[in-house]
Amino acid sequence: MNTQPTLPKDGQETGTTGSSQSSDGLKAGLKNRHLSMIAIGGVIGAGLFVGSGSGIAAAGPAILLSYALVGAMVVFVMRMLGEMAAARPSSGSFSAYADRALGRWAGFTIGWLYWFFWVVVLAVEATAGAKILESWIPAVPQWGWALIVMVVLTATNLGSVASYGEFEFWFAGIKVVAISAFVVIGLLAVFGVLPGSDNPGAGFAHLTDSGGFFPMGAGAVLTGVLMVVFSFMGSEIVTLAAGESEDPQRAVTKATNSVIWRIGVFYLGSIFVVLTLLPWNDKSIVDKGSYVAALDSIGIPHAGQIMNVIVLTAVLSCLNSGLYTASRMAFSLGQRGDAPKAFAKTNARGVPTAAILSSVVFGFVAVFFNYKWPDTVFAFLLNSSGAVALFVWLVICVTQLRMRGIILRESPEKLVVRMWLFPYLTWATIAMIVAVLGYMVYDGGSNREQVVLSLLVAALVTAIAVVRQRFGRNTAAEELERV
């Protein structure tokens, strides 16, 4: 086992290309094709396939504006994160940058909240995947499938970072091919040139023929925003993974520059296809799911089973990435003295074994809670992590305001990716995120509960960070240059 100090001051990793040992103990085992597919697939979550029908039912065709608003917000956040990550590649990403720019309390708080978010997601996705697998092979109980899925992906992550990258390459590849094929086939049907299509009603008229473009009122756009915002979480994973790639700066720059078309095609493009193939108030959109309903409408056989395979792939991809992301955040926290020292140790293959196993253990516990107390303990875990995605984006924005000056002062030549219209667009993005959080509180119900519980957990973690700093409970890692 070996443990190393944090990244050097300029954020560069030492060593040669290939699977060389980086300066922080991890290995650069991710190839460019891995990073490219992680970047593309990172914005395609299971929520897009499963939850889009509810959003359409709530806002009608205006859900396109909801996706566009959230998509723009994510593009801006990714641009800011890309600016920092291209200049200072780090396995801790925004947590490490917040540590440097805002203070140890900020890096500690957002790092642990992000870890908490993903280990809860592990339980959600393991359960979702187990339900699909049980429907195919009922002889194995649901908890058995959840255990099998978790064990397999844990073994993958423990093998090497290259194993994670290879699995994610194929998982993400299936999602990308599926969504791309859906958009192409759907548009052919919309324009009436798909051979054998039996949907004579497909067309742009569906955007306005059932109560207009805003059938539920303009305010429904904001309701739609709340329903779709969390399906975008995961786009930032590529900046954590870049630290274990052969050329982090190139990978981050490429991912940041391509985020616009990725969101445009996969989110706006696919939802647009659904809305032009079917009236927004068609009951099958909610009953079957938006994508299954759209495929059924043009006569694609076995659409339901096809989508189950794709959804399972998306779930496994999310599980795989969630475990990787949680472990690397725990590893970074360990490096900075904000988590047990064991988390910062890597084995001969450059894998942070303790960080991975600790994340898996909590994930298994959360799965148990989901089966044993789904409406009490697990509901609390779910709601108390519900708004963390927005907190992360907010911290990225505020951090970038400070990090721009630090980068210009210390290594201006590394500012190869720049946030547009700085600092005005950064402040505008902050205002957008705060507005979404405010509307969640105003909207009431589960949205308000998520914000309140997430704020309480964030306050608790922040209090721990402040107490640690106040009473000098920092390790020698603080004396090293951070990030």
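Sequence order as written defines the numbering, with residues in each chain counted from 1. Only residues with pLDDT of 70 or above have their local features reported here, since the model is predicted, and side-chain atom pairs are shown and tallied only from 80 upward, although totals for entire chains, interfaces and linings are computed over all residues. Only hydrogens and water are removed before side-chain values are computed, so all heavy atoms of the structure are retained for them.

**Student:** Help me understand the overall build of the protein, please; the structure alone is not making it clear to me.
**Tutor:** The numbering of helices and of strands both runs from the N terminus, where a helix is a DSSP run of H or I of at least 4 residues and a strand a run of E of at least 2. In terms of helices and strands, the protein carries 18 helices and zero strands. To get the radius of gyration, use the C-alpha atoms; to get the globule rule, take the number of residues to the power 0.38 and multiply by 2.2 Å. In terms of overall dimensions, the protein is globule-like: its C-alpha atoms have a radius of gyration of 22 Å, near the 23 Å expected for 483 residues. Dimensions of the protein along its principal axes, counting C-alpha atoms only, are 70 × 55 × 45 Å. Burial classes: relative accessible area under 20% of the type maximum marks a residue as buried, over 50% as exposed, and values in between as partly exposed (1.4 Å probe, protein chains only). Residues counted as buried form 59% of the 483 residues belonging to the protein. In the protein, of all internal contacts separated by at least 6 residues, the share reaching a separation of at least 24 is 80%. The accessible surface values rely on the Shrake-Rupley method and a 1.4 Å probe; as for residues, cover is taken only from the protein chains in view. Counting every atom, the protein has about 18200 Å² of accessible surface; 67% of that belongs to carbon and sulfur. By definition in these notes, contact holds between two residues if any of their heavy atoms fall within 4.5 Å.

**Student:** What am I meant to see in the environment of A251 here?
**Tutor:** In this fold, A251 is placed in helix α10 (residues 248–277). Judged by relative accessible area, A251 falls into the buried class, the value being 10%. For the pair formed by A251 and A39, sequence separation is 212 residues and the distance between their alpha carbons is 8.9 Å.

**Student:** It is not clear to me how the side chain of N447 should be interpreted in this structure. Could you clarify?
**Tutor:** Note that N447 resides in helix α18 (residues 445–470). Aside from chain neighbours lying at most four places away, what touches N447 is L226 and M440.

**Student:** Hey, could you run me through unusual backbone geometry in this one?
**Tutor:** Trans is the prevailing form of peptide bonds, just as negative phi is the prevailing case for residues other than glycine. The omega torsion of the bond from F422 to P423 falls at 0°, within 30 degrees of zero and hence cis. For P423, the location among the structural elements is in the loop between α16 (388–410) and α17 (424–443). A positive phi angle is found at S93, which is not glycine, with a value near 45°. Tracing the sequence through the fold places S93 in helix α4 (residues 93–101). Accessibility expressed as a relative area gives 0% for S93, which makes it buried.

**Student:** What am I meant to see in the pattern of salt bridges here?
**Tutor:** When the charged atoms of two side chains with opposite charge come close together, those side chains can pair. A pair is scored as a salt bridge if a Lys or Arg side-chain nitrogen falls within 4 Å of a carboxyl oxygen belonging to Asp or Glu. In this structure the tally under the stated criterion is ten salt bridges. Note that D99 is salt-bridged to R336, the shortest N-O span being 3.5 Å. Here R336 lies in the loop between α13 (303–335) and α14 (353–372) and D99 lies in helix α4, a separation of 237 residues in the sequence. Residues D99 and R336 agree in their burial class; the two are buried. Of the charged contacts in the structure, one is a salt bridge between R468 and D338, with a shortest N-O distance of 3.6 Å. Of the two residues, R468 sits in helix α18 while D338 sits in the loop between α13 and α14, which places them 130 residues apart along the sequence. Residue classification places D338 among the buried positions, given a relative accessible area of 4%. What emerges from the salt-bridge pattern is a single network uniting D99, R104, R336, D338 and R468.

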